Amino acid sequence: MRRPALLLLALCAAGARGLYFHIGETEKRCFIEEIPDETMVIGNYRTQMWDKQKEVFLPSTPGLGMHVEVKDPEGKVVLSRQYGSEGRFTFTSHTPGDHQICLHANNYPEIAAKDKLTELQLRARQLLDQVEQIQKEQDYQRYREERFRLTSESTNQRVLWWSIAQTVILILTGIWQMRHLKSFFEAKKLV
């Protein structure tokens, strides 16, 4: 039996760490990683097919891919995307705490054999998976853009009110100084 194996070269949060594990096509592996807020996490990975009979990794595995899903401590999906057989994924944490990183191997040739799909149907299924992942990524980017816009507007309002408060304080201080100096000069009979 051939099973995909996943080699996660580096998962960088506070420092670099490497993981190596076997995962079957329908299996899902999840890791919990404590990550501080506003930290960029980079995961480099490579998937390889394990030939159990020969007990070796196959050098080339076309059609083998991986789905990565990351959830923040509140359970919100930070990243959900389909990747190829080798590459890297990145995400930035926005809340501190335990982030759940789940990896799921997809072996499209095995899916085609199991579901009896033609090459064209298999390619269509791969493209549909990619479109779905792109749509999820776009939804997430819209959410982030909206959150960033709200933060910017809030900061803008605070800066405006702070500058108005400074101006009022400056004017009141000037009025107080003029009255104080006027009363001082009148007391000294200099005016």
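Quick caveat: nothing in here was measured; it's all calculated off a predicted structure.

## Quick look at the overall build of the protein
Thought 1: The helix and strand tally for the protein stands at two helices and nine strands.
Thought 2: Each helix and strand of the protein, placed in order from N terminus to C terminus, yields the pattern β-β-β-β-β-β-β-β-β-α-α.
Thought 3: Here the protein holds 191 residues, and 29% of them are scored as buried.
Thought 4: In the protein, the proportion of contacts linking residues at least 24 apart, taken out of those at least 6 apart, comes to 64%.

## Considering the state of the cysteines
Thought 1: All chains considered together, the criterion is met by one disulfide.
Thought 2: Paired through a disulfide, Cys-30 and Cys-102 show a sulfur-sulfur distance of 2.0 Å. Here the disulfide of Cys-30 and Cys-102 is right-handed, its torsion about the S-S bond being about 110 degrees. Here Cys-30 is found in strand S3 (residues 28-35), whereas its partner Cys-102 is found in strand S9 (residues 97-107), with 72 residues between them in sequence.

## Brief notes about the confidence of the model for the protein
Predicted coordinates in areas of low pLDDT are best not read in detail.
Thought 1: Of the residues in the protein, 77% reach a pLDDT of 70 or more, and the chain-wide mean stands at 79.
Thought 2: pLDDT under 50 marks residues 1-14. Its contacts with residues more than four places away, or in other chains, come to 72 contacts.

## Things to note about a nonpolar patch on the surface
Thought 1: A contiguous nonpolar patch, built from Leu-160, Trp-161, Ile-164, Val-168, Ile-171, Leu-172 and Ile-175 and spanning about 670 Å² of accessible area, is present on the exposed surface.
Thought 2: Here Leu-160 lies in helix H2 (residues 119-187).
Thought 3: Note on Leu-160: relative accessible area 42%, which makes it partly exposed.

## Things to note about the UniProt feature "transmembrane region" (unreviewed entry) in the protein
Thought 1: The residues that UniProt annotates with the feature "transmembrane region" (unreviewed entry) are residues 159-178.
Thought 2: This span, residues 159-178, is 100% helix and 0% strand, and a straight line between its end C-alpha atoms measures 29 Å.

## Considering the pattern of salt bridges
Thought 1: What the rule picks out here adds up to three salt bridges.
Thought 2: Two residues, Asp-139 and Arg-142, come together in a salt bridge whose shortest N-O distance is 2.8 Å. One end of the pair is Asp-139 and the other is Arg-142, both in helix H2 and three residues apart, which spans about a single turn.
Thought 3: For Asp-139, a relative accessible area of 41% gives the class partly exposed.
Thought 4: Note on Arg-142: relative accessible area 51%, which makes it exposed.

## Section: the nonpolar core
Thought 1: Membership of the largest hydrophobic core comes to 17 residues, with the highest contact counts inside it found for Val-68, Val-70, Leu-79, Tyr-83, Phe-89, Phe-91 and Leu-103.
Thought 2: For this core, the secondary-structure elements that each account for two or more residues are strand S4 (40-51), strand S6 (64-71), strand S7 (77-83), strand S8 (86-92) and S9.
Thought 3: Once residues within four sequence positions are removed from consideration, Leu-79 is found in contact with Val-68, Glu-69, Val-70, Phe-89, Thr-90, Phe-91 and Glu-137.

Here is what the cut-offs are and how they apply
Residues numbered from 1 in each chain as written. Predicted model: local features only at pLDDT ≥ 70, side-chain atom pairs only at ≥ 80, totals over all residues. Heavy atoms only, no water. Helix = DSSP H or I, 4+ residues; strand = E, 2+ residues; numbered from the N terminus. Buried < 20%, exposed > 50% of the residue type's maximum accessible area, 1.4 Å probe, protein only. Contact = heavy atoms within 4.5 Å. Disulfide = S-S within 2.5 Å. pLDDT = per-residue confidence, 0-100. Patch = residues over 30% accessible without salt bridge, like charges linked within 9 Å, V, L, I, M, F, W, Y side chains within 5 Å. Areas by Shrake-Rupley, 256 points an atom, 1.4 Å probe, with all protein chains shown as cover. Salt bridge = Lys/Arg side-chain N within 4 Å of Asp/Glu carboxyl O. UniProt positions renumbered as here; feature names shortened; annotations may be inferred. Core = buried A, V, L, I, M, F, W, Y, C linked by side-chain atoms within 4.5 Å.

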